[in-house]
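Tertiary structure, described
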Amino acid sequence: MNNSKNIFKIYDPRGDILLEKRSLSNRKNTLEGLRLAILDNSKWNANKILRGSASALSQDIKFSKVNYYVKKHGFSTDATIEMIEEIVNDNDIVLTAIGDCGSCCSSCIRDAVALEDRGIPAAPVITTEFVNEIKLTRVAIGMPDLKPVVIDHPVSSITNDEVIERVKIIKEQAQEIWLGQRQDI
């Protein structure tokens, strides 16, 4: 500060952020005959919701295969590179869940981005309470166009009837994401 001229220097503590925008993988024209990956982050009720969603989707879509993957090392950590590569090699589309808290939401989105970067359309499932955090995470990671499936919060303490209701939403929104028809949230 120079008081004689009333000139002040102001420094922005955030610095400059330079991010390249990452593109989504190509969306699918049809879901018939594709291989569906289910990436379960081991959150409470994630298995029920994901298996229910796979079953509901399979009623209308003839997948050539449905493969299940569980991240056993924790729901708030990213899938290993080895697991991501296995999913990429053996599948065409992915449903990953569940993001219903801060750290598991960002992990769910990072898994989806890792798969999108490798050409696999991903539908990450998050809850309504974390929509704003997911918007920030998508931008911070450089993939603002990634669209999540959004279901009601909470997930860990819901009844079987509530699981069924959330499965209906996932069935609809996941298809929209894979086909490139989902509007931004």
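The coordinates are above.
First, a word on what this report is: a plain description of the structure on this page.

Rules used in this analysis
- Residues numbered from 1 in each chain as written.
- Predicted model: local features only at pLDDT ≥ 70, side-chain atom pairs only at ≥ 80, totals over all residues.
- Heavy atoms only, no water.
- Core = buried A, V, L, I, M, F, W, Y, C linked by side-chain atoms within 4.5 Å.
- Buried < 20%, exposed > 50% of the residue type's maximum accessible area, 1.4 Å probe, protein only.
- Helix = DSSP H or I, 4+ residues; strand = E, 2+ residues; numbered from the N terminus.
- Contact = heavy atoms within 4.5 Å.
- Expected span 1.5 Å × (residues − 1).
- Salt bridge = Lys/Arg side-chain N within 4 Å of Asp/Glu carboxyl O.
- Pairing = 2+ DSSP bridges.
- Right-handed = clockwise from strand over helix to strand, strands pointing away.

**A word on the nonpolar core**
- With 28 residues, the main nonpolar core has Leu95 and Trp178 as its most contacted residues.
- Listing elements by their share of this core, those giving two or more residues are strand S1 (35-40), helix H1 (46-60), strand S3 (93-99), strand S4 (122-127), strand S5 (149-151) and helix H5 (160-179).
- Non-local contacts of Leu95, meaning those with residues more than four positions away in its chain, are made with Leu36, Ala37, Ile38, Leu39, Leu50, Ser53, Ala123, Val125, Ile170, Ala174 and Trp178.
- Among the nonpolar cores identified, the runner-up in size contains 25 residues, and Ala37, Val94, Ile109 and Ala122 belong to it.

**Here we look at H5**
- With 20 residues, H5 extends 29 Å between its outermost C-alpha atoms, agreeing within 8% with the 28 Å of an ideal straight helix rising 1.5 Å per residue.
- Turning to H5, its buried residues number three or more, namely Val163, Arg166, Val167, Ile170, Lys171, Gln173, Ala174, Gln175, Ile177 and Trp178.
- Looking at the buried side of H5, the elements it contacts are S1, H1, S3, S4 and S5.
- Looking at the residues trailing H5, positive phi occurs at Gly180, about 80 degrees.

**Considerations on the pattern of salt bridges**
- The full count for this structure, using the stated rule, is 10 salt bridges.
- With a closest N to O distance of 2.3 Å, Asp117 and Arg22 form a salt bridge. Remark: Arg22 occurs in the segment before S1 and Asp117 occurs in helix H3 (residues 102-117); sequence separation between them is 95 residues.
- Residue Arg110 is joined to Asp78 by a salt bridge in which the shortest nitrogen-to-oxygen separation is 2.7 Å.

**Overview of the pairing of S1**
- Judged by how many residues are buried, S1 sits mostly within the fold: five of six residues are covered.
- As paired elements, S1 and strand S2 (residues 65-70) share six bridges and run parallel to each other. Paired with Ile38 across the bridge in S2 is Tyr68.
- For the crossover that starts at S1, traverses H1 and ends in the parallel S2, the hand is right-handed.
- As paired strands, S1 and S3 are joined by five bridges and run parallel to one another. Paired with Ile38 across the two strands is Leu95, which belongs to S3.

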